Amino acid sequence: MSDAYLALEDGRVFEARGRVPGRTRGELVFTTAYTGYEESLTDPSYEEQVLTFSYPLIGNYGVRTERFESERVHPRAAIAREFTEEVVEWLDSESVPAIDHLDTREVVTSVRDQGAMKCGIAVGDDVTPEDAKAELKKCKGMSEHVDIGKQVSTAEPKFFAGDDGGSDATVALVDCGAKGSITSSLTARGADVHLLPYDASVDMVEETGADVLFISNGPGDPENFEQAQALVEAFTGELPIAGICLGQQVVANAFGGSTEKMMFGHRGVNQPVFDLDTEQVVMTTQNHGYTVADPGELEVTQVNVNDDTAEGLEHGKMNVLTRQYHPEANPGPHDSLGFFDDVLTLASGTEVPLAD
Ligand SMILES: NC(=O)CC[C@H](N)C(=O)O
């Protein structure tokens, strides 16, 4: 008998070693990142998911709060071939179930072949495969988490002053589950940041006196972020608009486009992105399960080299600039940090809009 079971939607049940006890469920996804486990585990976009690391040893350089992207662990459970004691202690302190000593290659290939799927996990001295299956039965699909923004967003507006020098722009950053390094990437360049709740009103944005409306990354289905979409619609033509990951998806939906669920998504730190204008490739860090299927009125300016999905969108006349990947680059690679400079240039109004 084992002390940990993972039940998959396809009917398979894996035995594992229990590292942190508990019972839970979520959408089973994997990341191929070989570094950045602290950043991944604290990335709010993993809310309601169970994260499998394909890299076999997780925790080999310790756990440091300076590398956290938010105040807590977001995946409902964590899976690796081997977790170090330090990571286990951290996950235990947050009551996040964890399992290891299973064949994660098999888990990853199941998800790769059949797509992201629901799963249930049961960890503890007296658990049975039936307990994991009972969790699986209770698991909702990602799109069914209609108010997932509330689980991850700031409840009240927060202000972060920009460092001395650099841009004097003011950014209204709509927190749909923002990674901390998006805020710090902006303040490091001198911008003041007003972090606003995911359901902020038009008045709240106006009160900040913002020079740019910026929609953050976030978990779940972008179609469930209706208020963020309404803000983009309200400020189109009034303010420059930027977005990262879920932000790009929300902006595309606001411009008459559409989003769709991918088979298993992009999660890793070596996703190649081709810029159609410069004809250069940048390596990017990513974490998404949805993609822009139709960019609507926006122009696709960057594409994923592996599968051609939209990685960058723009609207020259309306001053819109978005990225599907994570230019804040935590844990890296750092190829795409210039995105923040481009957004702040738009915000300062020095960018000349493209002609019709
Ligand atoms: N990192 C993100 O913002 C993810 C966006 C969205 N939740 C997706 O899975 O595609």
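Residues numbered from 1 in each chain as written. Predicted model: local features only at pLDDT ≥ 70, side-chain atom pairs only at ≥ 80, totals over all residues. Heavy atoms only, no water.

Remarks on the UniProt feature "binding site: L-glutamine" (unreviewed entry) in the protein
As a reminder, the rule being used: UniProt positions are given in the numbering used here, feature names are shortened, and annotations may be inferred rather than shown by experiment. Helix and strand assignments come from DSSP, with helices taken as H or I runs of at least 4 residues and strands as E runs of at least 2, each series counted from the N terminus. It only takes one pair of heavy atoms within 4.5 Å for two residues to be counted as in contact.
Under the UniProt annotation, the feature "binding site: L-glutamine" (unreviewed entry) is placed at Ser45, Gly218, Gly220, Leu246, Gln249, Asn287, Gly289 and Tyr290. Taking the farthest pair of C-alpha atoms as the criterion, the annotated set spanning 246 residues converges on one region, since that pair is 13.4 Å apart. Within the secondary structure layout, Gln249 lies in helix 9 (residues 246-254). Apart from residues lying up to four places away in sequence, Gln249 is in contact with Pro222, Thr259, His288, Tyr290, Thr291, Val292 and Gln324. Mapped onto the secondary structure, Tyr290 falls in strand 16 (residues 281-294).

Some words on the nonpolar core
This is how it is decided: Remark: nonpolar core denotes a set of buried residues (Ala, Val, Leu, Ile, Met, Phe, Trp, Tyr, Cys) joined through side-chain atoms within 4.5 Å. Under the scheme applied here, a residue whose accessible area is under 20% of the maximum for its type counts as buried, over 50% as exposed, and between as partly exposed, the area being computed with a 1.4 Å probe on protein chains only.
Cys176, Leu213, Ile215, Phe225, Val232 and Val251 are the most contacted members of the largest nonpolar core, which totals 31 residues. Elements with a minimum of two residues in this core: strand 11 (170-175), strand 13 (212-215), helix 8 (226-235), helix 9, strand 16 and strand 18 (310-315). Among the elements that make up this core, the one with the highest residue count is helix 9 (five residues). Setting aside anything within four residues of it in sequence, one finds Val251 in contact with Ile215, Val232, Ile241, Ala242, Leu298, Val320 and Thr322.

Here's the deal with the site of the ligand
The condition is simple: For each residue, the test is whether any non-hydrogen atom lies within 4 Å of the molecule or strand; if one does, the residue is near. Here a polar contact is recorded for every N or O atom pair within 3.5 Å, except that within protein the pair must consist of a potential hydrogen donor and a potential acceptor, and residues adjacent in sequence are included only if both atoms are side-chain atoms. Each accessible area value is a Shrake-Rupley result obtained with a 1.4 Å probe; residue values ignore everything except the protein chains displayed when judging cover. Side-chain classes follow a simple rule in which Ala, Val, Leu, Ile, Met, Phe, Trp, Tyr, Cys and Pro form the nonpolar group, Asp, Glu, Lys and Arg form the charged group, and the remainder, Gly included, forms the polar group.
Close to the ligand lie 13 residues; Gly218, Gly220, Asn287, Gly289 and Tyr290 are nearest. A distance of 2.7 Å separates a nitrogen atom of the ligand from a polar atom in the backbone of Asn287. Within the backbone of Gly289, a nitrogen or oxygen atom sits 2.8 Å from an oxygen atom of the ligand. Isolated, the ligand exposes 300 Å² of accessible area, and the fraction of that covered by the protein chains is 98%. When residues of the shell around the ligand are traced back to their parent elements, those giving at least two are helix 9 and strand 16. The dominant element in the shell around the ligand, judged by the number of residues it contributes, is strand 16, at four residues. Considering only residue class, the shell around the ligand consists of four nonpolar, nine polar and no charged.

Description of helix 4 (residues 129-138)
As a reminder, the rule being used: For this quantity, the arc is that covered by the directions from the helix axis to the C-beta atoms.
Residues of helix 4 that are buried include every one of Asp131, Ala132, Glu135 and Leu136, and no others. Looking straight down helix 4, one finds its buried side chains confined to an arc of 145°; they lie on one side. Turned more than 90 degrees off the buried face of helix 4, the exposed positions are Glu130 and Lys137.

Side note on the pairing of strand 2 (residues 13-20)
Definition in use: What makes two strands pair is DSSP finding at least two bridges between them.
Relative to strand 2, strand 1 (residues 4-8) runs antiparallel, the two sharing four bridges. When the sheet's bridge partners are listed, Leu6 is paired in strand 2 with Phe14. From the end of strand 1 to the start of strand 2, which pair antiparallel, there are four residues, and Gly11 there has a positive phi angle of about 100°.

A short note on unusual backbone geometry
The linkage connecting Asn330 with the following residue, Pro331, adopts the cis geometry, with an omega of 15°. Its location among the elements puts Pro331 in the loop between strand 19 (320-323) and helix 10 (338-347). In the segment running from Gly332 into Pro333, the intervening peptide bond is cis, with an omega of 0°. Of note, the phi angle at Glu279 is positive, near 60°, even though the residue is not glycine. With respect to the helices and strands, Glu279 occurs in the loop between strand 15 (258-275) and strand 16. Residue Glu279 is classed as exposed on the basis of its relative accessible area of 60%.

Describing the environment of Pro331
In this structure Pro331 comes out as partly exposed when scored by relative accessible area, which is 27%. In the structure, Pro331 is positioned 209 residues away from Ala122 in sequence and 30 Å away in space, judged by C-alpha atoms.

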